[in-house]
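So the chains spell out like this:
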Amino acid sequence: MLGAPGTGKGTQGKLIGVYFKIPNISTGEILRTAITNRTQLGNEAKAFIDKGELVPDDLMIGLIKERLAEEDCKNGFILDGFPRTVRQAEALEDFFNNVGLKLGYVIGLELAQDKIIKRLTSRRVCINCGKDYNLITNPPPEDNKCELCGGEIIQRSDDTEETVSKRLAVYAEKTKPLKDYFQKTGKLKIFDADSTVQKINKRIITFLT
Ligand code: AMP
């Protein structure tokens, strides 16, 4: 899944994963869980995330290789939030070549910046299972407990207006070049993210099947 923060990579990645019965691997979620559990990875990543910056490439490349070696990835997987730099993309390509994996598709999501800012600052998320809510389009239940798991629903510390601007600038500088990188592979398909979750999902699934 390729796209700026707030374009719906996580939401669509999860739905595609359910459809094909493969895991959606979100590096952001792995890092947030590590922060909640106060692991060494979490402690190292927290300062970068809170500032809206990227966690260093070497740390992320090591983390994703470990995750992809797990049993549930053997029939395929979706990557949501990785790679985020050209260096990560190159490392992933090397890794795929070394272990005999093949890149299927790159699903790109695009949305105008003003809409991204509105979406991210009104986003809320379950601290336990990661389910997304949105104050405008999909408000959390009145008791603020997740309808899936009962976990507490919070605003991500990096979804404040100030950090969102920084994340979008980092995206433009470090991640947007991946569009060219993947265009060259012939595997990139761009979708307009300015629609409902269900409509976008239908278009993606139609394309993939
Ligand atoms: P996300 O949930 O994908 O928006 O990720 C939240 C934050 O986690 C990002 O703003 C980065 O600080 C960090 N992060 C997630 N994935 C990566 C990655 N592949 N490379 C570097 N930092 C990452």
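The model shown is predicted, which means the values in this text are computed figures rather than measured ones.

Peer 1: Can you walk me through helix 3 (residues 40–51) in this structure?
Peer 2: Because each turn of an α-helix spans 3.6 residues, side chains separated by three or four positions in sequence point in the same direction. When we look at burial in helix 3, the residues that qualify are Gly42, Ala45 and Ile49. Along helix 3, the residues classed as buried sweep out an arc of 80° about the axis, all on the same side. Opposite the buried face of helix 3, by more than 90 degrees, sit the exposed residues Gln40 and Asn43. As for helix 3, its buried residues are in contact with helix 2 (27–36) and helix 7 (161–175). Once helix 3 ends, the next one or two residues include glycine 52, with phi positive near 85°.

Peer 1: What's the story with the sheet that holds strand 6 (residues 132–134) in this structure? I'm lost.
Peer 2: For sheets, the rule is that strands pair by backbone hydrogen bonds, running either parallel or antiparallel. Pairing is antiparallel in the open sheet, where three strands are placed in the order 6-5-7. Two strands lie at the open edges of the sheet, namely strand 6 and strand 7 (153–154), each paired on one side alone. For strand 5 (residues 123–126) and strand 6, the ladder comprises three bridges, and the chain directions are antiparallel. Across the sheet, the residue bridging to arginine 123 is asparagine 134, located in strand 6.

Peer 1: Looking at this model, I keep getting lost on the packing of helix 6 (residues 113–121) against helix 7. Mind explaining?
Peer 2: The relative placement of two packed helices comes down to the angle between their axes together with the axis-to-axis distance. Remark: helix 6 packs on helix 7, axes separated minimally by 10 Å, with the N-to-C direction vectors making an angle of 135°. The orientation of helix 6 with respect to helix 7, classified from their angle, is oblique. The two elements helix 6 and helix 7 meet at a crossing, and its hand is right-handed. Residue-level inspection shows Gln113, Ile116, Ile117, Leu120 and Thr121 of helix 6 in contact with helix 7, the latter providing Glu161, Val164, Arg167 and Leu168.

Peer 1: Would you mind showing me how to read the sheet that holds strand 8 (residues 188–192) here?
Peer 2: As summarised here, the arrangement of the three strands in space is 1-4-8, forming an open sheet in which the pairing is parallel. Looking at strand neighbours, the two that pair on one side only are strand 1 (2–3) and strand 8, the edges of this open sheet. Bridging between strand 4 (residues 106–110) and strand 8 involves five bridges; their strand directions are parallel. Bridged to glycine 108 within strand 8 is isoleucine 190. The sheet contacts of helix 9 (residues 197–208) involve strand 4 and strand 8, and relative to strand 8 the element is tilted by about 155°.

Calculation criteria
Residues numbered from 1 in each chain as written. Predicted model: local features only at pLDDT ≥ 70, side-chain atom pairs only at ≥ 80, totals over all residues. Heavy atoms only, no water. Buried < 20%, exposed > 50% of the residue type's maximum accessible area, 1.4 Å probe, protein only. Helix = DSSP H or I, 4+ residues; strand = E, 2+ residues; numbered from the N terminus. Arc of directions from axis to C-beta. Contact = heavy atoms within 4.5 Å. Pairing = 2+ DSSP bridges. Axes fitted to C-alpha atoms, helices over the stretch in contact; angles between N-to-C directions. Parallel < 35°, antiparallel > 145°, perpendicular 65-115°, else oblique. Left-handed = near helix turned anticlockwise from the far one by under 90°.

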